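# Structure at a glance
Here is what each chain is made of, one letter per residue.
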Amino acid sequence: MNAPASPLLELRGCTIRFGGLTAVSGLDLAVGERELLGLIGPNGAGKTTVFNLITGVYRPAAGNIRFAGSSLAGLRPCQIASLGIARTFQNIRLFPSMTVFDNVRVAFHLHLLSGIAHALWRGRTFRAEEESIESRVMEMLEIFRLGRHRGAAAHSLPYGDQRRLEIVRALATRPRLLLLDEPAAGMNPSEKSELMRLIRFVQERYRIAVLLVEHDMHVVRGVCQRLVVLDYGVKLAEGVPEDVLRHPKVVAAYLGEQNTPRRAPAAPAES
Amino acid sequence: MMPGRRFLLLLGAVAAGSVLSLQSHRINPYFLDVAVTVAINVILAVSLNLINGYTGQFSLGHAGFMAIGAYIAASTTMFWAPGLLPAASSPGFIGMAVFPAALLAGGLAAGLAGILVGAPSLRLKGDYLAIVTLGFGEIIRVIFRNLESVGGALGLNGIPACTNLFWTISMAALTIYAVTSMVHSTYGRGFTAVQDDEIAAEAIGINTTRYKITAFVVGAFFAGIAGGLYGHFKLSIDPRGFDFMKSIEIALMVILGGMGNTVGVIIAAILLTLLPELLRPVAEYRMMLYSFLLILLMLTCPQGLFQPRFFRRLLSPFLRGSAAPAEDPPRPA
Amino acid sequence: MTEFLQQLLNGLSLGAVYALIALGYTMVYGVLRFINFAHSDVFMVGAFAGYYLNRWMPSDSMAGGLAILAGSMAFCALLGVVIERLAYRPLRRRSRLNVLITAIGVSLLLEYTGQFLFGAAPKPFPQLFPVRTFQFAGGLIVSTNQLAVLVLTPLLLAALHFIVLKTRFGTAMRAISFHPVAATLVGINLDRVISFTFALGSALAAAGGILYSLNYQSIDPLMGVLPGLKAFVAAVVGGIGNIPGAALGGLLLGIIETFVNGSRWSTATDAIAFALLILILLFRPAGLLGKLEVEKV
Ligand SMILES: Nc1ncnc2c1ncn2[C@@H]1O[C@H](COP(=O)(O)OP(=O)(O)O)[C@@H](O)[C@H]1O
Ligand SMILES: [Mg+2]
């Protein structure tokens, strides 16, 4: 299985450096419409940096990124989000002081019809829209079994719930592409299998593409249709999971080291 | 279109203000004075709360916005309006028609300055932003000190006495209404999102620049109105009255009230205005006691005086508006 | 030319005082990450301590003046430690905003207590050093008071430099400002280092208070407010938390202010200090010598 012919997202020759370190080097990457693509590689390979490049947190030093046919160059993160790219963060970034409900509600903001004026007048249009948002938020929270926590402050949730809440929040922006950065980190096995089910479910239901960064190979195999392997910022291999994971370079760079102490696979990695 | 229930509460407050104002000759002038001061401080604190408390932009320049409002409003009633239509110089006409326009002009001018002062918040955070906004406030003050047309360092005297209970209570109610309505909406949760995590906010499509500037502009607008009320209440203003200690005083109300908690901030504004008055009998020690109490308060209740939960329960019968208040759990779908 | 040199000299002596105060702000910020608002009032207390010490043992010699300076520095060092112990330490785990407000409270308390004890009216500040003026070639005039500032400030800065770079306390201070958690993990006693930092900063503020008053010759309980604010601006311009930055920012601000004051924009002196601050921060958000901390996502 090869890169899609007319991809939804396309990176061409993307490079970024931090001081002397080239975190991502001349990367080509394509995600097709409604594809489930995995991006894997050892810690420090540059996966999170790729997410940051796509979402406009960092600017590439070279190369370009196109989404749905238009270039993302020079756009702010919020503009990129409004084009239909949503993400989660490796070290969870919820709005800690807000309730679970509000964390999701605020993400509906992109498609809001009413603005300040409506909020001030509080007329029928405003109330109707707020009510419809409320019911949609609740529906999404129920899908992810977070409904009963809706009034709790986000920071008070257990770790696994926080990770799921971040996914709900991302989905609430109605993306066409969802970027998940190690969503299974810190989850127990039953939470992980539920997560796999949920990722497949939302991909079906909302008809979106998913780019998944994940260290847990069971999750990766269970979810992804295609894999891209990154090491030291360079693409090592690409293809269907069975082939890629058996590729000698990949085994050497990534799987081989699971037996060595260079990295503990299940531990939530920092940044 | 039917306005929300909150809106009716606002109208109620305005009505109460006008009744009180009509009866104001029966009220002890000292209490009247204190009441007007309290209401002006409530406007200042609630409007700063939008910037500091909800949006998390630590601003110490609020007195500067107040100064702009005070000078522009006073200039409107004293020079511009009588210049434009000479008939407008009768006291009654100034009080009823020119004054609201003057307040609006003061608010708009301050709001415009809010764009300028808010701009650094796009690059700076925390203490740096605090000191830069403080600097802006001081610059505004120095500009007025050098403007001879508004009295320079001597200040502006002979401002008509237009401020009364009706205007102050109505404006305070309007400020509270506007800030809470903005914040308690899907749109308005964006302010708190910006405060909580800017990167995450951008990632869900929130234009953090727009939100920050909006907070500064709206906050400054109401501070400008407070300034207009203040000038037409004190009848003379001078640049020293708007120095950074005034900004700090307002910030204190926000912090003691518990950032982003409007009810708490209102109560803190009232208490901090009344405290020096209550300490009047011990005149000599008054300000020493005041600062001592301040330290003590911070040491004993660092979360702010007023926990939102307590007050929400207390006030819930009155506060239930068209949409559930944002801190409340939403009603079941 | 002479006028330029004269102004430069005046600017340097004003800037030296700003630098002395700014150091206290920056050091405290380095270890605790908060703006010690009461610092400017420690500066005021330093001046008053000098005033009263001189009443008890009037100074007419170089040595007497230095003794008074040392006495006032010691007194303020103690004051700084006490303030930290009573007002700031209990709040150390709270948000920085809480500590900031407490600091404002301490600042007000010192000011109002000052007004209560010393009266609100300005007092003439005595000559601590023998009065003499030196006339240089070209008509440049330097008074003993200016000389005191220009000689003592570099000495104090050198002493500080030595303490921060060469002593155990200095090393611990730097460790804490670099990484507080790691510093405590390797066994650094946070409380003692913080006390020490306050003592050091407050002593420098006291020195600043006396040197400032020598040149302005009038003191009052609110005298710290404006220089304190300017010194804080200087610390931020230099890059807060950065010790050489504070000295640089102080000198820069003093010189610019003096030149503006001598020009036809003199009424706008204060505004120009802040305008400069805003410009510098907009183009170098971490100050002149500060390092920008970039957030990893
Ligand atoms: N903001 C940054 N500043 C400096 N170095 C960075 C920054 N972000 C990432 N890096 C470096 O880039 C490399 C790739 O990091 P990252 O993308 O987080 O790896 P991964 O997500 O694959 O574990 C690492 O060496 C990391 O230290
Ligand atoms: Mg990563």
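Computed from a predicted model, the values in this text were never measured in an experiment. (Residues numbered from 1 in each chain as written. Chains lettered and ligands numbered in written order. Predicted model: local features only at pLDDT ≥ 70, side-chain atom pairs only at ≥ 80, totals over all residues. Heavy atoms only, no water.)

Residue and element names in this part refer to chain A. Only T48 (OG1) and Q90 (OE1) from the protein coordinate the magnesium ion (ligand 2), and they sit 2.0 Å from it. Of this pair, T48 sits in helix α1 (residues 47-54) while Q90 is found in the loop between β6 (85-87) and α3 (100-105), placing the two residues 42 residues apart along the sequence. We note that T48, like Q90, is buried. (Donors = N, O, S within 2.8 Å, 3.2 Å for Na, K, Ca; no water. Helix = DSSP H or I, 4+ residues; strand = E, 2+ residues; numbered from the N terminus. Buried < 20%, exposed > 50% of the residue type's maximum accessible area, 1.4 Å probe, protein only.)

Inspection of the region around ligand 1 gives 15 residues, with G44, K47, T48, T49 and Y58 of chain A positioned closest. Residues close to ligand 1 are split across chains A and C. Between an oxygen atom of ligand 1 and a side-chain N or O atom of N43 of chain A, the distance comes to 3.3 Å. With respect to ligand 1, the backbone of G46 of chain A contributes an N or O atom lying 2.9 Å from an oxygen atom. (Near = heavy atom within 4 Å. Polar contact = N/O pair within 3.5 Å; in protein donor to acceptor, adjacent residues only side chain to side chain.)

A word on the sheet that holds strand β4 (residues 62-67) of chain A. Residue and element names in this part refer to chain A. With antiparallel pairing, the four strands of this open sheet are ordered in space as β2-β1-β4-β5. The open sheet is flanked by β2 (21-31) and β5 (70-71), the only strands paired with a single partner. Looking at chain direction, β4 and β5 are connected through two bridges and run antiparallel. Residue R66 lies in a different strand from β5, and its bridge partner there is S71. (Pairing = 2+ DSSP bridges.)

Summed over the entire model, instances satisfying the criterion amount to 22 aromatic pairs over all chains. An angle of 35° between the planes, with centres 5.5 Å apart, marks the rings of Y52 of chain C and F118 of chain C as tilted. Separated by 66 residues along the polypeptide, Y52 of chain C in helix α2 (residues 39-56) and F118 of chain C in helix α4 (residues 96-118) bring together distant segments of the chain. By way of ring pairs, the aromatic residues Y71, F144, Y230 and F242 of chain B are connected into one cluster. When the ring centre of F89 of chain A is taken as origin, the NZ or CZ atom of R93 of chain A, which lies over that ring, is 5.7 Å away. When the ring centre of F95 of chain A is taken as origin, the NZ or CZ atom of R169 of chain A, which lies over that ring, is 4.7 Å away. (Phe/Tyr/Trp six-rings, centres within 6.5 Å; stacked < 30°, edge-to-face > 60°. Lys NZ or Arg CZ within 6 Å of the ring centre and 35° of its normal.)

Here we take up the side chain of T55 of chain B. Residues and elements named next belong to chain B. Tracing the chain through its elements places T55 in the loop between α2 (29-54) and α3 (62-84). A relative accessible area of 0% places T55 in the buried class. Side-chain polar atoms of T55 contact the backbone oxygen of L50, separated by 2.7 Å. When neighbours within four sequence positions are excluded, T55 is seen to be in contact with L50, F191, V194, Q195, Y211, K212 and A215. (Contact = heavy atoms within 4.5 Å.)

Residues and elements named next belong to chain A. In a regular helix each residue adds 1.5 Å, so 17 residues correspond to 24 Å; helix α7 (residues 189-205) covers 24 Å between its end C-alpha atoms and thus fits that length. Every buried residue belonging to α7 is among K192, E194, L195, M196, L198, I199, V202 and Q203, and all of these are buried. Turning to α7, the residues buried within the fold contact β3 (36-40), α5 (124-143), α6 (159-172), β7 (177-181), β8 (209-213) and α8 (217-223). In the stretch just after α7, R207 is the one whose phi turns positive, near 50°. (Expected span 1.5 Å × (residues − 1).)

Side chains of V282, Y285, L289, F292 and L296 of chain B together with F116 and L117 of chain C sit close together on the surface and give an oily, nonpolar patch of about 610 Å² of accessible area. Elements with a contribution of two residues or more to the nonpolar patch: α12 (286-300) of chain B together with α4 of chain C. No other element matches α12 of chain B, which puts three residues into the nonpolar patch. In this structure, L289 of chain B sits in helix α12. (Patch = residues over 30% accessible without salt bridge, like charges linked within 9 Å, V, L, I, M, F, W, Y side chains within 5 Å. Areas by Shrake-Rupley, 256 points an atom, 1.4 Å probe, with all protein chains shown as cover. Salt bridge = Lys/Arg side-chain N within 4 Å of Asp/Glu carboxyl O.)

Here N54 of chain C is to be found in helix α2. Ignoring any residue separated from it by four or fewer positions in sequence, one finds N54 of chain C in contact with S59, I68, P126 and L128 of chain C.

To continue, consider the domain arrangement of chain A. Note: interface size is frequently given as the accessible area lost on complex formation between the parts. Residue and element names in this part refer to chain A. Domains assigned within chain A are domain 1 (1-84 + 175-271) and domain 2 (97-172). A separation of 27 Å is found between the C-alpha centroids of domain 1 and domain 2. Contacts between domain 1 and domain 2 engage 22 residues on the former and 13 residues on the latter. For the pair domain 1 and domain 2, the summed buried surface comes to about 1400 Å²; carbon and sulfur atoms form 68% of the total. Area buried by domain 1 at its contact with domain 2 is led by E194, L198 and Y206, which between them contribute 27% of it. Summed over the shared surface of domain 1 and domain 2, the result is two salt bridges. The salt bridge involving E139 is made with R205; its shortest N-O contact spans 2.6 Å. Inspection of the domain 1/domain 2 interface yields three residue pairs in polar contact (both at pLDDT 80 or more). (Domains from an automatic or database assignment. Buried area = accessible area lost by both parts, 1.4 Å probe.)

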